[in-house]
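Observations on the three-dimensional arrangement
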Amino acid sequence: MGYLLDTNVLIDLVEGGRDFATAHSRFDEGGFLSVISTVELHAGAAVDGRVDPEMKRRIAEIVESFVELPFTSAEAEAYARTIAVIGFSRRVIIDRMIAVTALTNDLTLVTANPRDFRAIPGLRVEDWS
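These numbers were taken from a predicted model, which means no experiment stands behind them.

Scanning the protein chain for helices and strands turns up six helices and seven strands. When the elements of the protein chain are put in sequence order from the N terminus, they spell out β-α-α-β-α-β-β-α-β-α-α-β-β. For 129 residues, the compact-globule estimate of 2.2 N^0.38 gives 14 Å, and the protein chain sits close to it at 14 Å. Reported as C-alpha extents along the three principal axes, the dimensions of the protein chain are approximately 40 × 35 × 25 Å. Split into buried and exposed, the 129 residues of the protein chain put 42% on the buried side. Long-range contacts, defined as pairs at least 24 residues apart, comprise 66% of the intrachain contacts of the protein chain with a sequence gap of at least 6. Treating the 13 positive side-chain charges of the protein chain as one cloud and the 20 negative ones as another, the clouds have centres 6 Å apart.

In structure tokens:
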């Protein structure tokens, strides 16, 4: 079984809140991240209209150490099916896009905020809060 890391876990790794080597070794069976999380990470590196080069370097290091999964039409269809069951919420669009990436690829989602994912049917979640 593989694991998809939520953006909040990746941010913790980038910022050094969690030991990267220890966390990475946990995913011997497969560590993945969504391109959606990559977008969020890069957006977070932009401060006051410029990109922090050290943050950009750390993000690249983290992103390169996991397999990045795309958001394709398969994920878009899974998103639509999920919304049909649980309803639409603008507040959690990105979280749900990450969740359906985990579902579509049969991965367990690793997150520090499991409450955001409780409503997603069939999603396996590992709580790192």
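Sheet strands pair via backbone hydrogen bonds, and the direction of the pair is either parallel or antiparallel. Reading across from one edge, β5-β2-β1-β6-β7 is the order of the five strands in this open sheet, with parallel pairing throughout. Each edge of the open sheet is held by one strand with a lone partner, namely β5 (67–69) and β7 (125–127). Pairwise comparison of adjacent strand axes, ignoring direction, gives a mean angle of 35° for this sheet. Two strands pair when backbone bridges link them, and strand β6 (residues 107–111) and β7 are joined in this way by three bridges, in the parallel orientation. Bridged to L109 within β7 is V125. Against the sheet, helix α1 (residues 7–14) contacts β1 (2–5), β2 (31–34) and β6, and its axis sits at roughly 75° relative to β1.

Two elements in contact, α1 and helix α3 (residues 35–44), have axes separated by 10 Å at closest approach and are oriented at 45°. Relative to α3, α1 is oriented oblique. Handedness of the crossing formed by α1 with α3: right-handed. Where α1 approaches α3, its residues T7, L10, I11 and V14 are matched on the opposing element by S37, E40 and L41. Here the contact of α1 with α3 is composed, by residue class, of four nonpolar, two polar and one charged.

We now examine the pattern of salt bridges. Per the stated rule, a full pass over the model turns up five salt bridges. For E61, the salt bridge identified is with R57, shortest N-O distance 3.1 Å. One end of the pair is E61 and the other is R57, both in helix α4 (residues 53–64) and four residues apart, which spans about a single turn. According to the relative accessible area criterion, R57 is partly exposed, its value standing at 43%. Residues R124 and D106 are paired through a salt bridge, measuring 3.1 Å at the closest nitrogen-oxygen approach. Of the two residues, R124 sits in the loop between β6 and β7 while D106 sits in the loop between α6 (93–104) and β6, which places them 18 residues apart along the sequence.

Rules used in this analysis
Residues numbered from 1 in each chain as written. Predicted model: local features only at pLDDT ≥ 70, side-chain atom pairs only at ≥ 80, totals over all residues. Heavy atoms only, no water. Helix = DSSP H or I, 4+ residues; strand = E, 2+ residues; numbered from the N terminus. Rg over C-alpha atoms; globule rule 2.2 N^0.38 Å. Buried < 20%, exposed > 50% of the residue type's maximum accessible area, 1.4 Å probe, protein only. Contact = heavy atoms within 4.5 Å. Lys, Arg positive; Asp, Glu negative; His and termini not counted. Charge placed at Lys NZ, Arg CZ, Asp CG, Glu CD. Pairing = 2+ DSSP bridges. Axes fitted to C-alpha atoms, helices over the stretch in contact; angles between N-to-C directions. Parallel < 35°, antiparallel > 145°, perpendicular 65-115°, else oblique. Left-handed = near helix turned anticlockwise from the far one by under 90°. Nonpolar A, V, L, I, M, F, W, Y, C, P; charged D, E, K, R; others polar. Salt bridge = Lys/Arg side-chain N within 4 Å of Asp/Glu carboxyl O.

Note that every value here comes from positions in space, so none of it alone points to a role or purpose.
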